[in-house]
Structure formats: structure tokens, C-alpha cells
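Reading the structure
Here's the letter readout for the chains.
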Amino acid sequence: MPVLTNIGCLATCRDEGWQGDIHVIDDAALAWEDEHILWVGKESDLPYRYSHFEKLNARRKLVIPGLIDCHTHLAFGGWREKEFEQRIIGKSYLEIAQSGGGILSTVAQTRRASGEELIIRCHGILAGMAALGITTIECKSGYGLNLKDEVKQLQVYRKLHNEQALDLVPTLLAAHTVPPEFASAKEDYLKLLCEELIPAVGEKKLAEFCDVFVEKSAFNIEEARKVLNAGNKAGLGAKLHADQLSDSNGAGLAAEMGAVSADHLECISQEGIQHLRDAGVIAVALPLASLFTFQKPLDARRLVREGVPVAVATDFNPGSAPSYHLPLAMTLACVQNRLTPKEVLKGATLYAAKAVGRNSDRGSLEAGKLADFAIIDSPEPDHWLYHFRANACLLTVKRGKVIHEQK
Ligand code: NIG
Ligand code: FE
């Protein structure tokens, strides 16, 4: 039963208030037992019964809830650095996709990889994420695009969840694009998705959410509605890659379907913003994806002003966002999406937890929630995200256990 003492600034990130209200406690302490938080408050108010607990000294640093990366495409075969070069010299993400590259190139490499190979690679990535203060990760399939390989990706997530410390939240993204063997039979692929693949994944409980890439190179609104309805029938909540490269009223569909989140949104319309607000959908800003595709970033300031909660994530994938560095995405969310550091911190903790349906047990530092937290080498959040460094995380605690300590 340990107590973290001598905390200079503890950002609880409790839900009350709005995006920038992170409910800081200065000169704080935090007590926990096994996996859960028992008490958080001013150190001077630490109840006597906790004062004899084993002590851990935070050395006046910043303590935050464990970061939650609520949008990643974690497991994939190969990389796509050649496309990075092509985009630099002027080809667009869509042109590359239309000429057979993009997602389909990763589909070919992921189909060739064994589950074991994917697991080994993900272990290294997850250790890197833990070292950055990340404790929960949403992870999508979408590089298999047939029953066998989508299930392979989701089983990789299940195994990883069970054999390492971080919590993984799996999402089925079989509607990422149309696989080559169905190139001229999109309707048949949709039939396979709705009648076989989605029900099978639902039955095996391999995913919690169903996601669709709504875009010219992928699926339109009517097709996405069918897929999400099939997901719903199979017990999967809805998520959406919406209005990324063009406005196709993805935000409207997310609202109609009661999705937990609508992600990307670089091209969202004013109407779309109102739909998200009225339906209480979390918007997910993915600044790394805008940066790597040379796109105008989402104006998240506008969303916050209009009353839409905004989460921040990496979108880690081998094409549009080849980095799992969530603190980098967080600093980019300040300078590109125009969120303040405090707003970004709530966006990568409590609002990210909401975007994966996990806010009842994580995302903020409160008695009863999981003891998932990180010590950051900064006096407070503004300083942390402004003075960007390779890694400012000194210590990560997941379910009450230290899983990373910076040497
Ligand atoms: O979120 N937009 C669609 N899916 C990914 C990109 C995946 C890829 O390029 O492999 C994204 O940006
Ligand atoms: Fe994505």
C-alpha cells in the first residue's frame, strides 16, 4: 500500500467543468492499494491511516493520469517509407492509394506476417509507449481485410493485452478499404463484412468497437451506415474515421449512430460540429496524421468553443502517422490544433477514456479509479507541453505497479 508524496502539481483531470478544467492540486499526495486509488488530496490533509504506507517521493514534479492513446493501428507488417518520400515530392495520400500503395501495401505485408511476428514487434512498441507515460491503447485491425487475417490481428491484441502491462482496447476496422480480391465487387465485400466477418468477431468477443473509413478511396456514408448497423447487432460500439480528406458528413453519421467518437475531422463542416455537440460524440484530433499528409490541421479551438469535447491521439500507423509518440502529438495539438496544454491534457486522459468507453475506471486521478499515472519532469502541464523533449516521463505506474522508471 504505497503513497506518492511531495507532488508539486497533481492534475486530477476530473470530469467537472469543461475541456481546460483539469482540477490541479498543488503539494499533493496520492495513496493506492493493489490496482486502485484510495485517496488523492493535499499532502497536509493525508489521512493518518495512510501516513505509515510505504512512501514514493515525486520530488516536486508533475503527476498526471496515465495517458490514453485512443486511436492507433498498432499491429501491421512492414513500413512505407517510400510513400513518405513520394508525398514529400508532391504525390497526395489519395493518389498513392489509388495507384495500389497506401493501406493495400500494408495489407499485403500484414497478411504475410505471422501472428507471432506481429506480437514480437508490438512488444517493442508497447514498451516504448509505457516509457512515455501511456497506460491504455485503443488498437484497430484493418490490415487483414478477410476473416482469417482480421481475426489474426485481433487475436494479436488479445494476446498482447494478456501478456504485458498496458491495457489494449480492440476495434474492428475491416471496413478500412476494399481488398484487392474484391476490387470490382465492393457489394460482395460489404456482404461478407455484414453477414460473416462482423458477426464472427462479435461472437468471439474479439473487438469492442466497429470503425469505418469514410472516404472516396474507401466507403461512403450509406455503406458505412450498413457496416455500423451490423456492428451494433454484433454488440460492437461505433467509431468513425470521418471527414479526414474531404467533408462527406461523416460527423453527421457518427452522431446518428451514437458513436463514441468521430476521428480526424480535418474537413468537418459547421453542421457536422453541431451534430457532434448535440449527440455528445467525442471528436478525436490526430495532428500527426495532418502533419504527415501535408493537410491543413483541424481547428479544434472552434470545436471546443462550440461545445464539442476533443480527445487527442497519435493515429499510429505505417502510412499517415508513423509515430506512437503521444506527447509529441499533444504538443502538436497545441501548436497546430490550437488547444491549450491543459485542454490537451484532458484530451489525452479523461476525454480519451470516454472515446474508448473506459471513463468509469480510468482517465482521471480519483479515489476508486485505477492507479494508472505518470510522473513528468516538469513543474506543471503548460511547461511540459511547451518545452518539448524526447521523453519527459520519469516514472509510469500501471494498475498500481511501476512499469517504467527513467534511468
Ligand atoms: O487513420 N485514414 C485511414 N486510416 C489511417 C491510415 C492508414 C494507412 O495509411 O495505413 C489513418 O490515417
Ligand atoms: Fe486512423
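Bear in mind the structure is a predicted one, so any value in this text is a computation, not a measurement. (Residues numbered from 1 in each chain as written. Chains lettered and ligands numbered in written order. Predicted model: local features only at pLDDT ≥ 70, side-chain atom pairs only at ≥ 80, totals over all residues. Heavy atoms only, no water.)

**Regarding the site of ligand 1**
Among the 15 residues in the neighbourhood of ligand 1, the closest are listed as Arg 80, Tyr 93, Tyr 143, His 176 and Ser 320. Contact distances for ligand 1 include 2.9 Å between an oxygen atom and a side-chain N or O atom of His 264. Contact with the protein chains hides 100% of the accessible area of ligand 1, taken as 330 Å² for the molecule alone. Looking at the shell around ligand 1 residue by residue, the class counts come to four nonpolar, nine polar and two charged. (Near = heavy atom within 4 Å. Polar contact = N/O pair within 3.5 Å; in protein donor to acceptor, adjacent residues only side chain to side chain. Areas by Shrake-Rupley, 256 points an atom, 1.4 Å probe, with all protein chains shown as cover. Nonpolar A, V, L, I, M, F, W, Y, C, P; charged D, E, K, R; others polar.)

**Focus on the packing of helix α4 (residues 115-131) against helix α5 (residues 147-163)**
As a packed pair, α4 and α5 sit with axes 10 Å apart at the nearest point and diverge in direction by 50°. Relative to α5, the element α4 lies oblique. Here the hand of the crossing between α4 and α5 comes out right-handed. Contacts between α4 and α5 involve Gly 115, Glu 116, Leu 118, Ile 119, Cys 122, His 123 and Leu 126 from the first element and Lys 152, Val 156, Lys 159, Leu 160 and Glu 163 from the second. Split into classes, the residues belonging to the contact of α4 with α5 amount to six nonpolar, two polar and four charged. (Axes fitted to C-alpha atoms, helices over the stretch in contact; angles between N-to-C directions. Helix = DSSP H or I, 4+ residues; strand = E, 2+ residues; numbered from the N terminus. Parallel < 35°, antiparallel > 145°, perpendicular 65-115°, else oblique. Left-handed = near helix turned anticlockwise from the far one by under 90°. Contact = heavy atoms within 4.5 Å.)

**Concerning the coordination of the iron ion (ligand 2)**
The protein atoms donating to the iron ion (ligand 2) are His 71 (NE2), His 73 (NE2), His 241 (NE2) and Asp 315 (OD), with metal-donor distances spanning 2.1 to 2.2 Å. Mapped onto the polypeptide sequence, the residues donating to the iron ion (ligand 2) form the spacing pattern H-x1-H-x167-H-x73-D. Within this pair, whereas His 73 is found in the loop between β6 (67-69) and α1 (81-88), its partner Asp 315 is found in the loop between β13 (310-312) and α12 (326-335), the two being separated by 242 residues in sequence. Judged by relative accessible area, His 73 falls into the buried class, the value being 2%. (Donors = N, O, S within 2.8 Å, 3.2 Å for Na, K, Ca; no water. Buried < 20%, exposed > 50% of the residue type's maximum accessible area, 1.4 Å probe, protein only.)

**Focus on helix α7 (residues 221-233)**
Between its terminal C-alpha atoms α7 stretches 18 Å, which fits the 18 Å expected from 13 residues at 1.5 Å a residue. Those residues of α7 not exposed but buried are Ile 221, Glu 223, Ala 224, Val 227, Leu 228, Ala 230 and Gly 231. Buried residues along α7 sit against β8 (167-175), α6 (186-203), β9 (209-212), β10 (237-242) and α8 (250-256). By the N-cap criterion, in which a side-chain oxygen at the helix start approaches the backbone nitrogen of a residue two or three places on, α7 is capped by Asn 220, the distance to Glu 222 being 3.1 Å. At the C-terminal side of α7, Gly 235 shows a positive phi close to 90°. (Expected span 1.5 Å × (residues − 1).)

**Observations regarding the side chain of Lys 239**
Inspection of the secondary structure puts Lys 239 in strand β10. Although Lys 239 is buried, it makes no salt bridge; Asp 263 carries the closest opposite charge, 4.5 Å away. Reaching out from Lys 239, the side chain makes a polar contact with the backbone oxygen of Ala 355 at a distance of 2.6 Å. (Lys, Arg positive; Asp, Glu negative; His and termini not counted. Salt bridge = Lys/Arg side-chain N within 4 Å of Asp/Glu carboxyl O.)

**Quick notes on the pairing of β9**
Going residue by residue along β9, you find Phe 209 and Asp 211 tucked away on one face and Cys 210 and Val 212 tucked away on the opposite face as well. Pairing of β8 with β9, which is carried by three bridges, proceeds in the parallel orientation. Its bridge partner lying in β9, Thr 171 is registered against Phe 209. Handedness of the crossover is the feature at issue here: the chain leaves β8, passes through α6, returns alongside β9, and the resulting connection is right-handed. (Pairing = 2+ DSSP bridges. Right-handed = clockwise from strand over helix to strand, strands pointing away.)

**A short note on the pattern of salt bridges**
Taken as a whole and assessed by the stated rule, the structure comprises 27 salt bridges. Among the ionic pairs, Lys 140 bridges to Asp 211, the shortest N-O distance being 2.8 Å. One end of the pair, Lys 140, is in strand β7 (residues 134-140); the other, Asp 211, is in strand β9, and 71 residues separate them in sequence. Under the relative-accessibility criterion, Asp 211 is labelled buried at 1%. Here Asp 278 makes a salt bridge to Arg 277, at a shortest N to O gap of 3.3 Å.

Nothing here speaks to function; it is all geometry.
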